[in-house]
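In case you want the letters, here they are:
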Amino acid sequence: RGPEPLEMLMLDYPSSAGCAGITGQWQALTALYRAGKVRSVAVSNFAAAQLSCLFSAEGEGGAVVPPVANQMRFYVGHTGVDLGLNARHGIVVQAYSPLGNGALASDPLLAAIGRAHGKSAAQVALRYILQKNVTVATQSTSQVHLAEDAAL
C-alpha cells in the first residue's frame, strides 16, 4: 500500500503563458486527481478569463474536472470577485487576507458596527465575508484572536 493521497492540490496563480499554459497546468493536476494521487484540485487567484480557460480544456478522460475552490483576495472594500461565476460551477471561493492584511481589525467603521453588536471589528469583517457565501482562511499566533475568529 502506498502513501495516502494528498487532500488538495492547488494551482497557485494563473500561468503567464496564457490559456495554453493554464490548460496545460490544469491537465497535469487533474491527471493526478484521476490517478487517485489527490482527493481534490483547486485554484488560486483565477478570474473569469482564467476559469474560462480551465473549462474549455479537454483532458484525458474527457470532461474537465472543475476546481473545488478558488482562493482569492476578498475582504470588506476589496470584493471584485465574480462570486456568481464560481457558484455556477460549484466552486467554493475562499478569502485569503480576510482582514486586509490586518488593517480591518482596527477599522473605525467596523469597530463601531461591532460595538453595537458586541463584536470586534475583525469579527464584523469576517461575518461580512461569510454572509457573501465565501469561506475564510485566517491565521494568528494569538489563541485569543483565533477564538474570536471562530465566535462570529
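Up top you'll find the structure we're talking about.
Note that this is a predicted model, so its numbers are computed, not measured.

Reading the values: rules and limits
- Residues numbered from 1 in each chain as written.
- Predicted model: local features only at pLDDT ≥ 70, side-chain atom pairs only at ≥ 80, totals over all residues.
- Heavy atoms only, no water.
- Pairing = 2+ DSSP bridges.
- Helix = DSSP H or I, 4+ residues; strand = E, 2+ residues; numbered from the N terminus.
- Disulfide = S-S within 2.5 Å.
- Core = buried A, V, L, I, M, F, W, Y, C linked by side-chain atoms within 4.5 Å.
- Buried < 20%, exposed > 50% of the residue type's maximum accessible area, 1.4 Å probe, protein only.
- Contact = heavy atoms within 4.5 Å.

## Regarding the sheet that holds strand β1 (residues 9-12)
One open sheet accounts for five strands, arranged β1-β2-β3-β4-β5; its pairing is parallel. Taken across any chain shown, the strands that pair with only one partner, and hence form the sheet edges, are β1 and β5 (135-136). Of the pairings in the sheet, the one linking β1 to strand β2 (residues 41-44) comprises four bridges and is parallel in character. Residue pairing for β2: L11 is matched across the bridge by V43.

## Re the state of the cysteines
All told, the structure shown has one disulfide when counted by the stated rule. At a sulfur-sulfur separation of 2.1 Å, the disulfide partner of C19 is C53. Looking along the S-S bond of the C19-C53 disulfide, the torsion reads about -130 degrees, which is the left-handed sense. With C19 in helix α1 (residues 18-34) and C53 in helix α2 (residues 48-56), the pair connects residues that are 34 residues apart, well separated along the chain.

## Description of the nonpolar core
Nonpolar side chains in soluble globular proteins tend to be buried together. If you look at the biggest cluster of nonpolar residues, it comprises 14 residues, and the most contacted ones within it are L11, W26, V41, V43, F46, L51 and L54. Contributing elements (two or more residues each) for this core: α1, β2 and α2. In contact with F46, not counting residues within four places along its chain, are L11, Y13, P14, I22, L51, L54, N70 and M72. Counting residues in each nonpolar core, the second largest holds nine residues, with L99, L110, A125 and L126 among its members.

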